[in-house]
Every structure is written in structure tokens, then in C-alpha cells.
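Observations on the model geometry
Now for the letters of each chain:
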Protein chains: 2
Amino acid sequence: MATYDYVRDGDEIYRRSFAIIRAEANLGRFRGVEERVAVRVIHACGMPDAADDLVFAEGAAQAGVEALAAGAPILCDAEMVARGVTRARLPAQNEVVCTLNDPAVADLAKARGLTRSAAAVDLWRERLGGSVVAIGNAPTTLFRLLEILADGAPMPACIVGMPVGFVGAAESKQALIAFPGSPHIAVRGRRGGSAMAAAAINALASAKE
Amino acid sequence: MATYDYVRDGDEIYRRSFAIIRAEANLGRFRGVEERVAVRVIHACGMPDAADDLVFAEGAAQAGVEALAAGAPILCDAEMVARGVTRARLPAQNEVVCTLNDPAVADLAKARGLTRSAAAVDLWRERLGGSVVAIGNAPTTLFRLLEILADGAPMPACIVGMPVGFVGAAESKQALIAFPGSPHIAVRGRRGGSAMAAAAINALASAKE
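Keep in mind that this is a model prediction, so the values were computed, not measured. (Residues numbered from 1 in each chain as written. Chains lettered and ligands numbered in written order. Predicted model: local features only at pLDDT ≥ 70, side-chain atom pairs only at ≥ 80, totals over all residues. Heavy atoms only, no water.)

Our focus in this paragraph is the overall build of chain A. Scanning chain A from N- to C-terminus turns up nine helices and six strands. At 17 Å, chain A has a C-alpha radius of gyration in line with the 17 Å of a compact globule built from 209 residues. Expressed as lengths along the three principal axes of its C-alpha atoms, the size of chain A is roughly 55 × 45 × 35 Å. Considering only residue pairs separated by 6 or more positions, chain A has 65% of its internal contacts joining residues 24 or more positions apart. (Helix = DSSP H or I, 4+ residues; strand = E, 2+ residues; numbered from the N terminus. Rg over C-alpha atoms; globule rule 2.2 N^0.38 Å. Contact = heavy atoms within 4.5 Å.)

To continue, consider the relation of the copies chain B and chain A. Relating the two copies of this chain is a rotation about some axis coupled with a shift parallel to it. Mapping chain B onto chain A calls for a rotation angle of 180 degrees and an axial translation of 0.0 Å; the resulting RMSD is 0.0 Å. Taken together, the rotation angle and the small translation identify this as a two-fold axis. Judged by C-alpha distance, Met80 of chain B is the residue of chain B that lies nearest the rotation axis, at 2.6 Å. Interface overlap between copies: 100% of the residues of chain B at the interface are likewise at the interface in chain A, consistent with a symmetric, same-surface contact. (Least-squares fit on C-alpha atoms with pLDDT ≥ 70 in both.)

In any sheet, the strands associate via hydrogen bonds between backbone groups, in a parallel or an antiparallel arrangement. Residues and elements named next belong to chain B. Spatially, six strands are ordered β1-β6-β5-β4-β2-β3 in an open sheet, and the strand pairing comes out mixed. Across the chains shown, the open sheet's two edge strands, defined by having one partner strand only, are β1 (54-56) and β3 (96-98). Averaged over all adjacent pairs, the angle separating strand axes in this sheet is 15 degrees, with direction ignored. Sheet topology note: the strand β2 (residues 74-76)/strand β4 (residues 132-135) ladder contains three bridges and is parallel. Along β4, the bridge assignment pairs Cys76 with Ala134. Those strands touched by helix α9 (residues 194-205) are β2, β4, β5 (158-161) and β6 (184-187), and its axis lies near 150 degrees from that of β5. (Pairing = 2+ DSSP bridges. Axes fitted to C-alpha atoms, helices over the stretch in contact; angles between N-to-C directions.)

All names here are of chain B. The alternating pattern of β6 places His184 and Ala186 and Ile185 and Val187 on opposite faces, both of which are buried. One ladder, built from three bridges, connects β5 with β6; its direction is parallel. In the strand pairing of β6, Val160 is matched with Ile185. Following the chain from β5 across helix α8 (residues 169-178) to the adjacent parallel β6, one finds a crossover that is right-handed. (Buried < 20%, exposed > 50% of the residue type's maximum accessible area, 1.4 Å probe, protein only. Right-handed = clockwise from strand over helix to strand, strands pointing away.)

Listed per partner, the contact involves 48 residues of chain B and 48 residues of chain A. Surface buried jointly by chain B and chain A totals about 4,000 Å² across both partners, of which 70% is contributed by carbon and sulfur atoms. Linking chain B with chain A are four salt bridges, by the criterion used here. The salt bridge involving Glu24 of chain A is made with Arg190 of chain B; its shortest N-O contact spans 2.8 Å. Counting the contacts that link chain B with chain A gives nine residue pairs in polar contact (both at pLDDT 80 or more). Going through the elements one at a time, α1 (10-24), α2 (33-45), α4 (79-84), α7 (139-150) and α9 of chain B are the ones with two or more residues in the side of chain B that touches chain A. The class makeup of the residues in the side of chain B that touches chain A is 25 nonpolar, eleven polar and twelve charged. (Buried area = accessible area lost by both parts, 1.4 Å probe. Salt bridge = Lys/Arg side-chain N within 4 Å of Asp/Glu carboxyl O. Polar contact = N/O pair within 3.5 Å; in protein donor to acceptor, adjacent residues only side chain to side chain. Nonpolar A, V, L, I, M, F, W, Y, C, P; charged D, E, K, R; others polar.)

On average, residues of chain A score 96 in pLDDT, and 99% of them are at 70 or above. Listed scores for the predicted complex are pTM 0.96 and ipTM 0.95. (pLDDT = per-residue confidence, 0-100.)

The next subject is the nonpolar core. Counting residues in hydrophobic clusters, the biggest one holds 118 residues, and the most contacted among them are Met162, Ile185 and Leu204 of chain A together with Met162, Ile185 and Leu204 of chain B. The residues touching Leu204 of chain B, leaving out its near neighbours within four places in the chain, are Val33, Arg36, Val37, Ala61, Gly64, Val65, Leu68, Cys158, Val160 and Ile185 of chain B. (Core = buried A, V, L, I, M, F, W, Y, C linked by side-chain atoms within 4.5 Å.)

Okay, the packing of helix α2 (residues 33-45) of chain A against helix α9 (residues 194-205) of chain A next. All names here are of chain A. Look at α2 against α9: their axes get within 8 Å of each other, and the N-to-C directions meet at 145 degrees. The element α2 and its partner α9 pack so that their crossing is right-handed. Counting all contacts with α2, which are made through Val33, Arg36, Val37, Arg40, Val41, Ala44 and Cys45, the residues of α9 involved are Ala195, Met196, Ala199, Ala200, Asn202, Ala203 and Leu204. (Left-handed = near helix turned anticlockwise from the far one by under 90°.)

So, on to the environment of Ser117 of chain A. All names here are of chain A. Its location among the elements puts Ser117 in helix α6 (residues 116-122). According to the relative accessible area criterion, Ser117 is buried, its value standing at 14%. For the pair Ser117 and Ala78, spaced 39 residues apart in the sequence, the C-alpha separation amounts to 8.0 Å. With residues near it in sequence (within four places) discarded, Ser117 still touches Leu100, Ala138, Thr140 and Thr141.

Further remarks concern the UniProt feature "domain: Cobalamin biosynthesis precorrin-8X methylmutase CobH/CbiC" (unreviewed entry) in chain A. In the numbering used here, UniProt assigns the feature "domain: Cobalamin biosynthesis precorrin-8X methylmutase CobH/CbiC" (unreviewed entry) to residues 12-206 of chain A. Segment residues 12-206 of chain A splits into 48% helix and 11% strand. End C-alpha atoms: 19 Å apart. (UniProt positions renumbered as here; feature names shortened; annotations may be inferred.)

All names here are of chain B. One way to put it is that helix α3 (residues 60-69) packs onto α9 with a least axis distance of 8 Å and a crossing angle of 70 degrees. On the basis of the axis angle, α3 is roughly perpendicular to α9. Pair α3 / α9 crosses with right-handed handedness. In this structure, α3 uses Ala61, Gly64, Val65 and Leu68 to contact α9, whose residues at the interface are Ile201, Leu204 and Ala205. (Parallel < 35°, antiparallel > 145°, perpendicular 65-115°, else oblique.)

A few words on the side chain of Glu147 of chain A. Residue position: Glu147 of chain A is located in helix α7 (residues 139-150). Separated by 3.1 Å, the side chains of Glu147 of chain A and Arg144 of chain A make a polar contact.

Next up on the list: the state of the cysteines. Evaluated as defined, the whole model comprises zero disulfides over all chains. Here Cys98 of chain A stays free of any disulfide, with the sulfur of Cys76 of chain A as its closest cysteine sulfur at 6.5 Å. (Disulfide = S-S within 2.5 Å.)

What follows is the structure, given as C-alpha cells:
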């Protein structure tokens, strides 16, 4: 069989990848778990300069680590995000929740004049307090979350805000960063996505590289 | 309830997003379905300059459209890719296959000295001919696919090659592009990922915007 010259060992691929990221990215302003999140987010997108757009609220990453260790659920805006969370890394068999395809969402969206992604957030409300939120797809999810938080819904322990795209993505992340007391981990600008959001969760979940 | 000023209508978000992409990205060298693929791939990553790294083999996109219309399976390297394929867009209720978590893969990987991602490809072999392949995660999957094609496995109708990362991603895509007769749609360099690969499939599956 024809062969190509490539690294075939999965652990070795991770080691080399993380070494390249640490050599190329500007990680000096991150400490401890923040550095771990930054490395995994960069790994997920292939772009060392994503580090420059990462924003951590003081203590948010550590709060995410502790919440997961204590068994907090992970509330995801999209099935792709939920699918990207590596179950073997979770410290407490944490529940990974995506309500987007809940049968109640379509009716709720129509009744409240929301996108389905936004309406799905309304179903998180009872579980928000102390949870870990992962938004990697829809800006409307993040805007809706901020609306219900402003309305008095309990604050999550950590909010990974990384919706991607051209309409509302940058603006929703800016609103998250500006929201008083929000424990955010965000990527400024248009970039983001399910893989980056899931990578941030995977970094919070375990120190294993 | 506090509200933010943002676009709440899903269809309108798509319309505005695609208009921004078409205004900002260099799409002049793409025709028909290629342009559609480019727009959706850019939409998935938030980066108009991804257009500059897109490579289409002559006729590959059209072959992908026709294969899907004829009922071809979609062979995915990762669950996130499979999850990103919008089932409602598929023209023939096409099967979306990911063998990564097949019980046979771990043993096969050990026996053949491969990553699990690469071993999973060996289970595609019987279904490769005329299929549509979507690789958005592991370079080893793409290298392994090229090895078994070089060994005489039947050629897919279309290969979406968009693994992401720092070790082997750029090299595997270069090898795909150089492979004689490969019907590829690839993104050169380190960028790529599940969302971009799924977006390419979603563009091939339907002309609906």
C-alpha cells in the first residue's frame, strides 16, 4: 500500500500541536486555566492569532472548572457544540444539554417572536444558576441569554460566548463582555464556532493535554 | 424585560449574512455551485478571506450535487461533521455515516498502527465508490483515505477535505489536491474544521439559501 509520511500517533499529534501553538501564540497574558483554554481554542481553529481576541472575565475560567467539578450541567446552543464536548474529560459525568430540538421550542419561538435558537434559551431558565453555558453558533442565543439575565434569571458560573458570523456575532459578544458581573470567556469579532466553544469546555473540564 | 437591538428573524439573518459575504469575499473565480459552497463555508467560519484558500477540482462540486441527488451516502470523519449536516437539506434522505465510534475501530487502529480516525476510514472502503466524503477534523483520516485510494479503493464522487490544525492538516490537504483524479473541495492551510466541512455538504445538498 502507498504510504504518506505523517505522524500516526494520536498522543504525539496532540503534543506537537500544543508545542507549536505555545511557540506561535501570544499567551503571556493568560494564567493557569486561562492558558489551557486559549491553547485548546486555538487548536480547534488552527489560528494562533485567535489568542489576541480571547477575553476572560476575572475568575470566570476558574469558576467554570469548579462548577464542572461540582457536577454543573453544560447548556449548549447547538447539537454540534454538545457533540464536541469530550465525555471522557468531564469530571462528574456532567449532563450536556441542548434544548434546540425540544418539541416546545418551535411554539415558543412563534409565540415570542424569536429565532428557535433564542427560544431554546428560555428552556434553560430553571437550570441557569451555577451552570456552564457554551454558545458556539447563534448570536440570537447569546442576546436572549443576556435578556433573561437582565430580567433576573440566575447567573451561570461560566459563560463561553463564541457565536460565529456576520450578523450579530461580534455585537452579541461585545454585549456579553459589557454585561455587569457576567463570568464570560469570549472571542471578540466574527470568529467563533461550535468547535471553539466545545474546546473551551474541554479545557475547563480537565487539565489533561 | 430588557432588550437588545438585534435581528430576530432567522431568514433575515441568513439573507443579511450572505449579502455581507458576497460584498466582502473574492468570489469571482467561482461558478454556480462552487460559489454556493464558498459562501456557506465562509458563513460557517466568519472569515471572508477563507475564499482565497478554497480549491475545487474541476467538476467536483457538481459531481457532489449529482451524487447526493442520486442518494449517495455522506461519509464523515467526526460526529461533529455528521451533526452539522442539515438533514432537511438532503435531497434523497441520504445516509450520514460516521464510523469513528464503531466498536471495530479500536482493535483495527491497534492492529494497523493507526489513529482511531484513520482506522475508521478502513470501514468506509465498501461504500467509497460514488460517495460524498466530508473530512473536517483529522488529517490522519485524509491521509488514510489517500492511501487506500492509491491502493485501489473506488473513488468517491466528491471529497470535502477540510481537516484543521497544526500537524498534518495543511500537508494532508496538499496531498489531496495533488492526488491524481481526486474530486476534491479543500481549504488550503491550517484552517478548516467540522463546521466548514458540514457547510460545504449543506451547500452541495440544496440550492436553498
